[in-house]
Amino acid sequence: MRHDDLKPFHHALKILENKCTGCVHCMRVCPTDAIRIFSGKAHVDQNRCVDCGECLNACPMNAIVVEQDDFNKIFSFEIRALLVPAMLIGQFPEDIVESQILTALHELGFTHIFEVETVVPFLNEIYIDYQEKTNKKPLISSFCPAIVRLIQVRFPSLVGNITELKAPLDIAALYVRNLLERKKRKKDKDKNVGVFYVTPYKIVRK
Ligand code: SF4
Ligand code: SF4
């Protein structure tokens, strides 16, 4: 996988023109100068946007929204695994404990829940092996798509330092899928497995 070409990228953030007042708050916080105001409305240069979400939190008019898939799509899989990063748990207030959060996720419809960090030892081995083979230093993880895009757009001289391995999240998803496929009971052998990721992103509405 190479990162020196800007591949077509699906941007999840959209600006609602009917709500936008052209106040430029979003433009001021954008790390890649991707936003310009034309005819009193904000417009995003899709080639420069890295999907960091800074503009979303800065907009006082709630004019920036995140496009979402239909959640019910998860039910097209009979075995539904969710990868949860530990930092998601830390985003909840102290009086909400981990078991409550996991119970809520199960109640939403996920049949299995895994902490992403459980595959870290497995990932470490892959990374050490990769670094020894390529002698690439410093090695930049491709974990966060926004960081990869930011390097492509703002710091192209560092593109060669991004690991060409699959993103750790993709490796974790493959690991979990293989694990579940191997552990399937005989009666479940025809059930399809879907692996999903929950993104820890805090929306600060003003
Ligand atoms: S998501 Fe980030 S990069 Fe994209 S327009 Fe908003 S602030 Fe700029
Ligand atoms: S911060 Fe919101 S209202 Fe202001 S220009 Fe940006 S999108 Fe429009």
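Along every chain, residues carry numbers that run from 1 in the direction the sequence is written. Chains carry letters and ligands carry numbers; both start at the beginning, A for chains and 1 for ligands, and go up in the order they are written. Only residues with pLDDT of at least 70 are given local features in this predicted model, and only at 80 or more are side-chain atom pairs given and counted; all residues enter the totals for whole chains, interfaces and linings. Computation of side-chain values: all heavy atoms of the structure, hydrogens and water removed.

Draft legend 1. Highlighting the site of ligand 2. Taken together, 13 residues lie near ligand 2, and Cys-20, Thr-21, Cys-23, Cys-26 and Cys-59 sit nearest. Space inside and on the surface of the protein is sampled on a 1 Å grid over the protein atoms alone, with a cavity defined as a set of points where a 1.4 Å probe fits but cannot get out and a pocket as an open set with protein on both sides within 12 Å along at least 5 of 7 lines; lining residues have an atom within 4 Å of a point. Any molecule with more than half of its atoms within 2 Å of a cavity's or pocket's grid points is counted as sitting in it. With respect to the pocket detection grid, ligand 2 is positioned in the second largest cavity. Under the scheme applied here, ten amino acids are nonpolar (Ala, Val, Leu, Ile, Met, Phe, Trp, Tyr, Cys and Pro), four are charged (Asp, Glu, Lys and Arg), and all others, including Gly, are polar. For the shell around ligand 2, the residue count by class is 10 nonpolar, three polar and no charged. We call a residue near a molecule or strand whenever a single non-hydrogen atom of that residue lies within 4 Å of it.

Draft legend 2. Inspection of helix α7 (residues 168-183) at higher detail. Every helix listed is a DSSP run of H or I at least four residues long, and every strand listed is a run of E at least two residues long, numbered separately from the N terminus. Here the expected length of a helix is defined as 1.5 Å per residue gap, with one fewer gap than residues. With 16 residues, α7 should reach 22 Å at 1.5 Å per residue; the first-to-last C-alpha distance of 22 Å fits that figure. Among the residues making up α7, those that are buried are Pro-168, Leu-169, Ile-171, Ala-172, Val-176, Leu-179 and Leu-180. The buried residues of α7 occupy an angular sector of 165° when projected down its axis, which confines them to one face. Note on contacts: a residue pair is in contact if any heavy atoms of the two residues lie within 4.5 Å. Against the buried residues of α7 lie β5 (79-84), β6 (112-115), α5 (120-134) and β7 (193-197). Residue exposure (1.4 Å probe, protein chains only): buried if accessible area is under 20% of the type maximum, exposed if over 50%, otherwise partly exposed. Of all possible arcs, the one meant is that of the directions from the helix axis to the C-beta atoms.

Draft legend 3. Structural context of empty space enclosed by the protein. Grid points are joined across faces, edges and corners, and a volume is the space filled by probe spheres set on the points. With the rule as written, the count across this model stands at two cavities of 30 Å³ or more. Size it by volume and the largest cavity reaches roughly 110 Å³. Lining the largest cavity are 14 residues, with Leu-13, Ile-35, Val-44, Cys-49 and Cys-55 positioned closest to its centre. Taken together, Ile-15, Cys-20, Thr-21, Gly-22, Cys-23, Val-24, Cys-26, Ala-42, Cys-59, Met-61, Ala-63 and Ile-64 make up the lining of the second largest cavity.

Functional significance is not addressed by these values, which are geometric in nature.
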